[in-house]
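Inside the fold
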Amino acid sequence: MDYILEGLGNALKMIVSLDSEMAEIVFVSVKISTISIILATLAGVPLGFYVAIRDFWGKRAAITILNTLMALPTVVIGLLIYSFISRRGPLGVLGLLYTPWAMIIGQTILAFPIVAALSLSATQGIDKRVEKTALTLGANNLQTALFILMEGKFALFSAIIAGFGRVFAEVGVSMMLGGNIRGFTRNITTAIAFETGKGEFALGIALGMILLTVAFSINILFHYFQKKRM
Amino acid sequence: MKLHNILISYLALSIIMFLLSSSVLAEERLKMATTTSTENSGLLYVLLPPFEKEFNVKVDVIAVGTGKALKLGENGDVDVVFVHARAAEDEFINEGFGVNRRDVMYNDFIIVGPKDDPAGIKGNSASESLKKIAEGKQYFISRGDESGTHKKEKELWKLTRIEPQGKWYLEAGQGMGATLQIADEKKAYCLVDRGTYIAYEKKVDLVILCEGDKILFNPYGIMAVNPKRHPHMNYTYAMALIGWVTSPQGQKIIGEFKKEGKVLFHPTAYQ
């Protein structure tokens with residue numbers, strides 16, 4: 001029991017004193033997950049939006065596929081991307097393996113279906129009259145789309161936040177593609193796995209507390225936007 | 001709307017931060033695949049920084065088992081390989097995957113186990129010890145990951161002519177430190193390099209039960225990936241690193257590196 005209390009004590013000290021190694025690890029996590037969620041948003045929101053408002057052949061199948069991909073296991077993404085970006089793979093010349101970019105690719109793929117599927121249902125939840133009103137007011141297609149998006153902005157924010165929560169807390173992609181390189185690709189989750197493997201608990205607990213705090217804040221934000229949506 | 005603005009400025013800020021930090025990181029980078037035993041012991045934290053400073057280069061350490069480390073070198077995913085499995089290293093060089101192999105240091109393997117030694121291996125040779133563990137069906141944790149330690153373990157089992165299998169034989173598939181902790185939790189026996197054991201001695205209840213057998217000698221070697229196979233690799237800096245760890249300064253750092261007041265590795269670049 002002692003070592004847990006000791007670890008907890010040291011963890012609190014680290015957080016209060018903003019331990020430089022801890023700060024560096026948190027920064028890596030924030031940086032990589034933020035870029036990933038931006039990319040996933042740029043691709044996912046328009047796709048979800050498009051699928052929601054347009055009728056086309058295979059729409060139902062597309063929705064089912066998107067929903068299924070939401071449960072994409074991180075290790076499968078890791079495996080696939082690894083085989084593509086290893087020097088032996090088709091994209092090997094880019095030298096991406098074990099760099100932050102490899103993690104960004106993996107996390108973007110992880111977040112994309114979540115953002116897309118949730119924006120899809122967000123758009124579907126918007127009153128059909130919004131579109132008609134916009135058209136009646138003489139808006140062109142782009143203006144109508146933006147009008148609808150603005151109407152559903154809170155639901156869209158919660159889609160993005162849900163995606164961020166997923167990538168921020170994932171460990172499979174980061175470990176397999178980033179390689180847990182100190183000061184470069186070591187993020188919160190891989191550092192926790194590594195520290196536990198070393199039998200060091202203080203840094204692990206400190207990072208765990210930060211991770212939980214972020215998850216908690218994300219949930220609060222999520223519910224805030226969900227409420228706004230009503 | 002305020003929250004909206006905050007979010008947007010936050011996103012913009014993080015993109016700028018990323019671009020800034022990547023431009024700062026535009027210095028030379030060298031990728032080194034090494035074993036979990038060197039990483040877990042903490043040796044690299046004192047051995048690499050002076051090199052990074054002198055040559056203005058960042059060394060990215062990827063800590064995996066020896067088998068995986070050599071594989072990464074073969075594929076050209078790293079520039080330097082720093083491992084401990086002599087036979088596999090020689091094969092790596094002979095196949096043309098690597099060049100300029102140098103001896104760096106050695107330590108030795110030991111067999112650790114629970115204090116009461118239920119299989120009664122104390123005082124036996126390494127292979128006899130494994131035999132007793134197998135006969136007594138006592139828990140044994142294997143790395144199971146083609147690491148240097150795992151290769152040594154398989155070599156020992158070969159000597160006993162026992163094919164280890166059964167409920168008592170557990171393959172962890174993890175690094176040395178994690179495997180040692182599993183052995184501790186399960187009150188099991190385990191083959192471990194002395195460096196990692198000393199680094200973990202205070203955290204586990206396992207004691208040394210077999211040591212000093214000649215077969216347990218554990219030499220480490222460093223080598224560059226063959227630039228002919230992978231022209232993109234950072235050959236110059238790879239050679240600089242090999243030069244550094246085998247230089248008098250590098251060797252001095254290795255020889256003076258201590259954990260719990262004990263020397264972990266013995267330099268062997270010059271003899």
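Since this is a predicted model, take the numbers as computed values, not measurements.

**Topic: the overall build of chain B**
Along the backbone of chain B there are eleven helices and twelve strands. Sequence-distant contacts, at least 24 apart, represent 73% of the contacts inside chain B between residues at least 6 apart. Surface exposure of chain B reaches about 12,300 Å², of which carbon and sulfur atoms provide 54%. Between the centroid of the 34 positive side chains of chain B and the centroid of its 34 negative side chains there is a distance of 1 Å.

**Some remarks on the interface of chain B and chain A**
Residue-level contacts link 31 residues of chain B with 33 residues of chain A. Between chain B and chain A, a total of about 2,700 Å² is buried, with carbon and sulfur atoms accounting for 63% of that surface. Across the contact surface, chain B and chain A share one salt bridge. Along the contact surface separating chain B from chain A lie eight residue pairs in polar contact (both at pLDDT 80 or more). At the level of elements, helix H1 (2–24), strand S1 (28–35), helix H2 (36–41), strand S2 (57–64), helix H4 (66–75) and helix H8 (176–186) of chain B are the ones that each hand at least two residues to the side of chain B that touches chain A. Examining the composition of the side of chain B that touches chain A, we find that ten residues originate from one element, H1(B), more than from any other. Classifying every residue of the side of chain B that touches chain A gives 15 nonpolar, nine polar and seven charged.

**Some points on the packing of aromatic side chains**
Under the criterion given, the structure shown has 15 aromatic pairs over all chains. What links up through ring pairs into an aromatic cluster is the set Phe154(A), Phe157(A), Tyr224(A) and Phe225(A). Seen from the ring of Phe194(A), Arg186(A) lies directly overhead, with NZ or CZ sitting 4.3 Å from the centre. Stacked on the ring of Tyr200(B), the Lys or Arg Lys203(B) has its end atom at 4.6 Å from the ring centre.

**Description of the packing of helix H2 (residues 20–53) of chain A against helix H5 (residues 100–124) of chain A**
Residues and elements named next belong to chain A. The N-to-C vectors of H2 and H5 enclose an angle of 35 degrees; their axes lie 6 Å apart at closest approach. The two elements H2 and H5 cross, and the hand of that crossing is right-handed. For the contact of H2 with H5, the class distribution of residues is 20 nonpolar, ten polar and no charged.

What counts and how
- Residues numbered from 1 in each chain as written.
- Chains lettered and ligands numbered in written order.
- Predicted model: local features only at pLDDT ≥ 70, side-chain atom pairs only at ≥ 80, totals over all residues.
- Heavy atoms only, no water.
- Helix = DSSP H or I, 4+ residues; strand = E, 2+ residues; numbered from the N terminus.
- Contact = heavy atoms within 4.5 Å.
- Areas by Shrake-Rupley, 256 points an atom, 1.4 Å probe, with all protein chains shown as cover.
- Lys, Arg positive; Asp, Glu negative; His and termini not counted.
- Charge placed at Lys NZ, Arg CZ, Asp CG, Glu CD.
- Buried area = accessible area lost by both parts, 1.4 Å probe.
- Salt bridge = Lys/Arg side-chain N within 4 Å of Asp/Glu carboxyl O.
- Polar contact = N/O pair within 3.5 Å; in protein donor to acceptor, adjacent residues only side chain to side chain.
- Nonpolar A, V, L, I, M, F, W, Y, C, P; charged D, E, K, R; others polar.
- Phe/Tyr/Trp six-rings, centres within 6.5 Å; stacked < 30°, edge-to-face > 60°.
- Lys NZ or Arg CZ within 6 Å of the ring centre and 35° of its normal.
- Axes fitted to C-alpha atoms, helices over the stretch in contact; angles between N-to-C directions.
- Left-handed = near helix turned anticlockwise from the far one by under 90°.

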